[in-house]
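Fold and geometry: a report
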Amino acid sequence: MKLKVRLIGRGLHEDEILVIVMTRDGEEEVMLDRDDLEGDAIEVGSPVGKSNGHLLVELPRETARGSWRVWVAKEELAFANA
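If you're wondering where the values come from, they're calculated on a predicted model, not measured in any experiment. (Residues numbered from 1 in each chain as written. Predicted model: local features only at pLDDT ≥ 70, side-chain atom pairs only at ≥ 80, totals over all residues. Heavy atoms only, no water.)

Of the regular secondary structure elements, the protein chain holds 0 helices and 10 strands. Sequence-ordered secondary structure for the protein chain, helices as α and strands as β, is β-β-β-β-β-β-β-β-β-β. Radius of gyration (C-alpha) of the protein chain: 12 Å, near the 12 Å computed for a compact globule of 82 residues. Taken over 82 residues, the protein chain has a buried fraction of 33%. When contacts within the protein chain are restricted to residue pairs at least 6 apart in sequence, long-range pairs at least 24 apart make up 38% of them. Of the accessible surface of the protein chain, which amounts to about 5,300 Å², a share of 46% is contributed by carbon and sulfur atoms. (Helix = DSSP H or I, 4+ residues; strand = E, 2+ residues; numbered from the N terminus. Rg over C-alpha atoms; globule rule 2.2 N^0.38 Å. Buried < 20%, exposed > 50% of the residue type's maximum accessible area, 1.4 Å probe, protein only. Contact = heavy atoms within 4.5 Å. Areas by Shrake-Rupley, 256 points an atom, 1.4 Å probe, with all protein chains shown as cover.)

Right, dumping it as structure tokens:
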């Protein structure tokens, strides 16, 4: 499953990038390996929770605030079978 992100810059190392993930609570910054970005999305696992049109997904790396899991709107995800 893919999660839409917005590329905003480079990381400290040339193989790192900084992206924004839109969550239920606002924007979250995540530093990723450049190879994790596929177009405008990253791979995430299956949702581990569901609440009021939002899904709880686990990111490949933690956010700048230290969260590994974030609530995202269903529209932010691209399901493989959709």
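Bringing the nonpolar core into the picture now. Ranked by internal contacts, the top residues of the largest apolar core, which has 16 residues, are Leu3, Val44 and Leu77. Discounting residues that sit within four places of it in the chain, Leu77 has contacts with Met1, Lys2, Leu3, Val44, Leu55, Val57 and Val72. (Core = buried A, V, L, I, M, F, W, Y, C linked by side-chain atoms within 4.5 Å.)

Any functional reading would require information beyond the geometric quantities listed.
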